[in-house]
Amino acid sequence: MRKITHWINGAPTPSDTDRWGDVFNPATGVVQAQVPFAPSAEIELAVSSARTAAASWGLSSMSTRTEVLFSFRHLVNAHRDELAEIITAEHGKVHSDALGEISRGLENIEFACGLGSHLRGGFSSQVSSGVDVNSLRQAVGVVAGITPFNFPVMVPLWMTANALACGNAMILKPSEKDPSPAMRLAELLKESGLPDGVFTVLQGDGDVVGALLEHPGIDAVSFVGSTPIAKSIYSRGTAAGKRVQALGGAKNHMVVLPDADLGVAADSAVSAAYGSAGERCMAVSVVVAVGEIADPLIAAIAERMNKLVIGPGTDPASEMGPLITRQHRDKVASYVAGAADEGATVVVDGRTMQLEGDAADGFFVGASLIDNVRPGMAVYDDEIFGPVLSVVRAATYTEAIELVNANQYGNGVAIFTRDGGAARQFTAEVTCGMVGVNVPIPVPVATYSFGGWKDSLFGDAHMYGPAGIDFYTRTKVVTTRWPDPASSSVDLGFPKTR
Ligand code: NAD
């Protein structure tokens, strides 16, 4: 069985642990590798090598860091197909979708390449007689990045690109479900000229994360994952005196007003609900049909669902791959069964889908569509994180916005309408961090920052973009007084040798 390693001090580092996790091929259900859960000696080694490296990387010139990031951008782009294959092998998503996440990750490297502008400080001359003030940004030190399974390249790049640009060392603890893409990123960073120890991959589970949260050698923690874990990471990390940003789960609504183009809305709902098998934190999981449009909209969505091609991510014909684990697949399926029991109407039941051959044992479930869903039903209240789309019927716009704003999550939301005034009112009133107007998955470009409200984010630091630069730097303000040469007896002339 293939044993996955850590990446410590610029090299693959085999583990001596007696705790290992299975890494599956979700398309076949077969265990393809084992991932180590780092014991304390390996955690110590990772942190100490990162600390040593952080000291010199933090002092490296901006041009050195920019050069590494430019080269890294070039290499990730040049290896995008290979990286996508590594993602598909362990995550299961289809190749085109894996390429999509790499593109969004590349954006973050491109943003970080502008570090010369991002790290500029301020200067005020003569704030008092002979006194000037300037501010500067310095690296935080060693940052731990803890990432979810669903974007094994993009989310690590959300963190890593800016953290390194700002002069920090990064210890990435990728999801134990798909740990290999992070290892390939480590190799490409080394090839880009990144000094050893500046980027570490430490493999492990929740216990390893717990050790990093307590470790005095870690200065800041960037976390992306489910809400209960995000909440606990935030409180444990801040209690240990660390800077923490913790992004959690979601329940993203797509509000469709009566004047919307129903064909466009149906296309968007299908791609946003079932793309990546619904395993996206910005996936649309609830359509809110306002007024009398629910029946035609549901018919249009169901018609498109019939054409969805479900199969292994390695098959170029597949549009939707398997879920990440058998347990997760079964849990997703149980929500469809539960919805019917709770009085909702199952319009399309994905549980009936069955693939053949090697894929018969894969973690597949078909796409489901459920009508007449209401708050209080588990299918509405819980983040399902699978290909299940609920439809809630709302009589008016007011009912729709009240529903969205009462939800515990506030990650993404979208409104579909032809009415600019209604869209403008919605963007002002809605309590979510990322809003799309006729855009179903409004993930901000890398020049902005990503983050939800309410239980979708703990702390106040959004991820990547300008907020990422703020998170990965500490500012210092220097107040300076120099004696005026005219009134001073101090010789400020150029030092003379004779
Ligand atoms: P998860 O919370 O199970 O795991 C995330 C990370 O936390 C992994 O690295 C895991 O090893 C670690 N972890 C697991 N249990 C832990 C524990 N008890 N203590 C400390 N660390 C622990 O999430 P997942 O299933 O990998 O990913 C899916 C979730 O991530 C969904 O809820 C999704 O909405 C969310 N997500 C959010 C965003 C966002 O930007 N808000 C982006 C992607 C995914």
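What counts and how
- For every chain, the first residue of its written sequence is number 1, and the numbers climb from 1 along that sequence.
- A pLDDT threshold of at least 70 governs which residues receive local features in this predicted model, and a stricter bar of 80 or more applies before side-chain atom pairs are shown or counted, although totals over entire chains, interfaces and linings include all residues.
- Each side-chain value is worked out from all heavy atoms of the structure, with water and hydrogens disregarded.
- Nearness of a residue to a molecule or strand requires only that one of the residue's heavy atoms be within 4 Å of it.
- Pairs of N or O atoms are called polar contacts if they sit within 3.5 Å, as long as, within protein, a hydrogen donor faces a hydrogen acceptor (for residues adjacent in sequence, only side-chain-to-side-chain pairs).
- Accessibility throughout is a Shrake-Rupley quantity obtained with a 1.4 Å probe, and a residue counts as covered only by protein chains that appear here.
- A run of DSSP states H or I qualifies as a helix once it reaches four residues; a run of E qualifies as a strand once it reaches two. Both are numbered from the N-terminal end.
- All amino acids are sorted into three groups, where Ala, Val, Leu, Ile, Met, Phe, Trp, Tyr, Cys and Pro are nonpolar, Asp, Glu, Lys and Arg are charged, and the leftover types, Gly among them, are polar.
- Expected span, for any helix, means 1.5 Å times one less than how many residues it has.
- Accessibility here uses a 1.4 Å probe with only protein chains present; expressed as a share of the type maximum, an area under 20% marks a residue as buried, one over 50% as exposed, and anything in between as partly exposed.
- Comment: arc refers to directions from the helix axis out to C-beta atoms.
- The contact criterion used throughout is that any non-hydrogen atoms of two residues lie within 4.5 Å.
- Whenever a helix is involved, its axis is fitted only over the stretch in contact; in every case the axis is a line through C-alpha atoms, and angles between N-to-C directions fall within 0 to 180 degrees.
- Roughly parallel means an angle under 35 degrees; roughly antiparallel, over 145; roughly perpendicular, 65 to 115; everything else is oblique.
- A clockwise turn of the near helix away from the far one marks a right-handed crossing, whereas an anticlockwise turn of less than a right angle marks a left-handed crossing.

A.B. asks: Would you mind going over the site of the ligand with me for this structure?
C.D. replies: Neighbouring the ligand are 27 residues, the closest being Lys173, Glu176, Ser226, Gly248 and Glu383. Separating an oxygen atom of the ligand from a side-chain N or O atom of Glu176 is a distance of 2.6 Å. The backbone of Gly225 places a nitrogen or oxygen atom 3.3 Å from an oxygen atom of the ligand. The fraction of the free accessible surface of the ligand (840 Å²) that becomes covered by protein chains is 87%. Counting residues per element, the shell around the ligand draws most heavily on helix H9 (residues 227-239), at three residues. Among the residues forming the shell around the ligand, the class breakdown is 14 nonpolar, nine polar and four charged.

A.B. asks: I'm lost on helix H12 (residues 326-341) in this one. Help?
C.D. replies: The α-helix advances 3.6 residues per turn, and as a result positions three or four apart in sequence lie on the same side. Taking 1.5 Å per residue, 16 residues should reach 22 Å; H12 reaches 23 Å between its end C-alpha atoms and fits that length. Considered for burial, the residues of H12 that qualify are His328, Arg329, Val332, Ala333, Tyr335, Val336 and Ala339. Looking straight down H12, one finds that the buried residues subtend no more than 140° of arc, so they occupy a single side. Turned more than 90 degrees away from the buried face of H12 sit Gln327 and Asp341, all of them exposed.

A.B. asks: Looking at this structure, how should I read the side chain of Asp97?
C.D. replies: For Asp97, the location among the structural elements is in helix H4 (residues 95-113). Judged by its relative accessible area of 15%, Asp97 is buried. Leaving out residues up to four positions away in the same chain, Asp97 has contacts with Ser276 and Arg280.

A.B. asks: Please clarify how the packing of helix H2 (residues 62-78) against helix H7 (residues 180-191) should be interpreted in this entry.
C.D. replies: Across the interface, H2 lies against H7 with an axial gap of 9 Å and an inter-helix angle of 135°. Considering the angle they form, H2 stands oblique to H7. Seen from above, H2 lies across H7 with right-handed handedness. On H7, the residues that touch Ser71, Phe72, Leu75 and Val76 of H2 are Leu185, Leu188, Leu189 and Glu191. Counted by class, the contact of H2 with H7 contains six nonpolar, one polar and one charged residues.

A.B. asks: Would you mind going over the packing of helix H3 (residues 80-91) against H7 with me for this structure?
C.D. replies: To describe two helices that pack against each other, one gives the angle between their axes and the distance between the axes. Put simply, H3 and H7 touch, their axes get as near as 8 Å, and they point 160° apart. Between H3 and H7, the crossing angle belongs to the class labelled roughly antiparallel. Contacts between H3 and H7 involve Glu82, Leu83, Ile86, Ile87 and Glu90 from the former and Ser180, Pro181, Arg184, Leu185 and Leu188 from the latter. Here the contact of H3 with H7 is composed, by residue class, of six nonpolar, one polar and three charged.

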